[in-house]
Amino acid sequence: MTTIRIGTFNCENLFARYKFNKTIDPQKAVIDGWRADQRHFDISDATSKKLTAQAILALDADVLALQEVENLDTLKRFRDLYLGGRKAYPYVASIDGNDPRLIDVAVLSRYPLVNINTHQHLRVPAWQSFLFSRDCLEVDVQLSSQRLTLYVNHLKSMMDRQNPCEGRKRTRARREKQAATVKKIVTQRFGEHAGQHPFIVLGDLNDYLDTDAQGKTGIAALVQWDQVANVVERLPKDEQWTQFFKGNKTCQLPPAYRQLDYLLLSKSLADTNAKAPAIERRGMPKRADRYKGPRFPGVGLDRPKASDHCPVVMDLTI
């Protein structure tokens, strides 16, 4: 058996986002209109990136699923600058997905990643669009004698620019289809009794289970599937939140603390690992004042911050 620490973290817009040094002419810094000499650039918003890194280092996860990563090269550079380099996380994975902002899902790992499969190509003809907002990234992690399969997700946001006051309601159908398809992908690989196998569906599912003024959830088919367990529910009810919504006065939406980030362990994994996960809150902005504990030095009222989400981590014996 292997003891391994698994986590998930929406690290909020982990972009390269370079800015030119003040003394540099941008036209002279770019070569052939394509290549850029990195000596002419600084990292934009380095303070937030350091806080993001601090949250990741505090997790000390052996395998960490990430959401909102610009691309693989950005992740590698972030790892090298802030996380201890390749020695800290020798294995990384990310495949370009479908988000117009170019945010992808990714994996950092201390264990070999021996199989990587994307589902970003799946389409819904009736919508004339791709199914997944980003991807459902399927990754096999090689442990000492067996494999653990991860399904890393970042489902459709509850934001709707055309009608922000009913965003959850207007975007629900896409999350319902995405959640049902993730369940189908797992079942196609492991069968109707998939919970007998070691896998985890994890990431930012962008919805919560409670019914409110905008109606029911869009992720119940997956989160309440009898082949998985939402282990965050092992925590006290008021400690299950992973994201703070500051509210919207125009839409009369009150502030809220909700679980948007999930570790859905297969039933066999959940049955043999009875402890609750941990939620790292020290990188949250100070406006999330339900959290009364310490914060990382430099965290502000709204920003800088590690992220607008809390990472979730759990020790497993497999």
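This text follows the structure it describes.
Figured I'd write up the structure that's included with this text. Everything numeric here is computed off the predicted structure, so don't read it as measured data. Starting afresh in each chain, residues are numbered from 1 along the sequence in its written order. Per-residue local features are limited, in this predicted model, to residues with pLDDT of at least 70; the limit for side-chain atom pairs, both in listing and counting, is 80 or more; totals at the level of whole chains, interfaces and linings are taken over all residues. Where side-chain values are given, they derive from all heavy atoms of the structure, hydrogens and water being excluded.

## Observations regarding the nonpolar core
So, step 1. Ranked by size, the top nonpolar core spans 37 residues in total, and within it Ile200 and Leu265 carry the most contacts.
So, step 2. Residues are treated as being in contact if the distance between any of their heavy atoms lies within 4.5 Å. Sequence-distant contacts of Leu265, that is, excluding residues within four places in its chain, are made with Phe199, Ile200, Gln227, Val228, Ala229, Val231, Ala270, Met314 and Leu316.
So, step 3. Residues grouped as a nonpolar core are buried Ala, Val, Leu, Ile, Met, Phe, Trp, Tyr and Cys residues, joined through side-chain atoms within 4.5 Å. Three exposure classes are used, based on accessible area relative to the maximum for each residue type with a 1.4 Å probe and protein chains only: buried under 20%, partly exposed in between, and exposed over 50%. Cys11, Leu64, Ala88 and Val92 belong to the second-largest nonpolar core, a separate cluster that totals 25 residues.

## Some points on the state of the cysteines
So, step 1. Two cysteine sulfur atoms form a disulfide, by the criterion used here, when they sit within 2.5 Å. Within the structure shown, the criterion is met by one disulfide.
So, step 2. There is a disulfide in this structure between Cys165 and Cys251, and the S-S distance comes to 2.0 Å. Disulfide Cys165 to Cys251: torsion about the S-S bond roughly -70°, handedness left-handed. One end of the pair, Cys165, is in the loop between strand S13 (147-154) and helix H4 (167-190); the other, Cys251, is in the loop between strand S16 (243-245) and strand S17 (256-258), and 86 residues separate them in sequence.
So, step 3. Classification of Cys165 by relative accessible area gives partly exposed; the value is 27%.
So, step 4. Taking the relative accessible area as the measure of exposure, Cys251 reaches 13% and is therefore buried.
So, step 5. Left unpaired, Cys310 is separated from the closest cysteine sulfur, that of Cys11, by 13 Å. Under the DSSP-based scheme used, a helix requires at least four consecutive residues in state H or I and a strand at least two consecutive residues in state E, with every element numbered from the N terminus.

## Section: the sheet that holds strand S9 (residues 113-117)
So, step 1. Two strands pair if DSSP finds at least two bridges between them. Taking strand neighbours across the sheet as the criterion, the six strands line up as S9-S12-S13-S14-S18-S15 in an open arrangement whose pairing is mixed. For this open sheet the edge positions go to S9 and strand S15 (228-230), each flanked by a neighbour on one side alone. Neighbour-to-neighbour, the strand axes of this sheet turn through a mean angle of 20°, independent of strand direction.
So, step 2. As paired elements, S13 and strand S14 (residues 199-204) share six bridges and run parallel to each other. Residue pairing for S14: His154 is matched across the bridge by Asp204.
So, step 3. Angles run from 0 to 180 degrees between N-to-C directions of axes, and those axes are lines fitted to C-alpha atoms, restricted for helices to the stretch in contact. Each of S9, strand S12 (136-142), S13 and S14 is contacted by H4, which is oriented at about 160° to S13, the strand it contacts most.

## Considerations on helix H3 (residues 72-83)
So, step 1. Residues Thr74, Leu75, Phe78, Arg79, Tyr82 and Leu83 constitute the buried set of H3. Seen end-on, H3 carries its buried residues on one side only, within an arc spanning 135°.
So, step 2. Following H3 by one or two positions, Gly84 has its phi on the positive side, about 105°. The directions from the helix axis to the C-beta atoms form the arc being described.

## A closer look at the environment of Leu57
So, step 1. Mapped onto the elements, Leu57 comes out in helix H2 (residues 46-59).
So, step 2. Remark: the alpha-carbon pair of Leu57 and Leu83, spanning 26 residues in sequence, is separated by 6.8 Å.
So, step 3. Each residue touching Leu57, except ones within four places of it in the same chain, is listed here: Tyr82 and Leu83.

## A few points about the pattern of salt bridges
So, step 1. In the sections that follow, a salt bridge refers to a side-chain nitrogen of Lys or Arg positioned within 4 Å of a carboxyl oxygen of Asp or Glu. Enumeration over the complete set of coordinates arrives at 18 salt bridges.
So, step 2. Asp99 is paired through a salt bridge with Arg101; the nearest N and O atoms lie 3.8 Å apart.
So, step 3. According to the relative accessible area criterion, Arg101 is partly exposed, its value standing at 41%.
So, step 4. Across the salt bridge formed by Arg287 and Asp302, the nearest N and O atoms sit 2.4 Å from each other. In this pair, Arg287 sits in the loop between strand S19 (278-279) and strand S20 (312-317) while Asp302 sits in the loop between S19 and S20, placing the two residues 15 residues apart along the sequence.
So, step 5. Overall, the relative accessible area of 26% leaves Asp302 in the partly exposed class.
So, step 6. What emerges from the salt-bridge pattern is a single network uniting Glu138, Asp140, Arg147 and Arg189.

## What about the sheet that holds S19?
So, step 1. The sheet built from six strands is open, its strands ordered S7-S8-S6-S1-S20-S19 with mixed pairing. On the outer flanks of this sheet lie strand S7 (91-94) and S19, each paired with one strand and no other.
So, step 2. As defined by bridge partners, strand S6 (residues 63-69) adjoins strand S8 (residues 104-109) across six bridges and the pair is classed as antiparallel. Among the inter-strand pairings, Val69 is bridged to a residue of S8, identified as Asp104.
So, step 3. Sheet contacts for H2: strand S1 (3-14), S6 and S20; angle to S1, the most-contacted strand, approximately 170°.

## Topic: the packing of aromatic side chains
So, step 1. Classification of ring pairs uses Phe, Tyr and Trp, with its six-membered ring standing for Trp, and accepts pairs whose centres are within 6.5 Å; under 30 degrees between planes counts as stacked, over 60 as edge-to-face, and the remaining range as tilted. In this structure the tally under the stated criterion is six aromatic pairs.
So, step 2. Plain terms: the ring middles of Phe199 and Trp225 are 6.4 Å apart, the flat faces sit at 35° to each other, and that makes the pair tilted. You can see Phe199 sitting in strand S14 and its partner Trp225 sitting in the loop between helix H5 (220-223) and S15, a full 26 residues away along the chain.
So, step 3. Classification of Phe199 as buried rests on a relative accessible area of 0%.
So, step 4. Using a relative accessible area of 8% as the deciding quantity, one classes Trp225 as buried.
So, step 5. In this scheme, Lys NZ or Arg CZ marks a charge over a ring once it lies within 6 Å of the ring centre and within 35 degrees of the ring normal. Arg168 extends its terminal NZ or CZ atom over the ring of Tyr208, reaching a point 3.8 Å from the ring centre.
So, step 6. Between the NZ or CZ atom of Arg281 and the centre of the ring of Trp241, over which it lies, the distance is 4.0 Å.

Nothing here speaks to function; it is all geometry.
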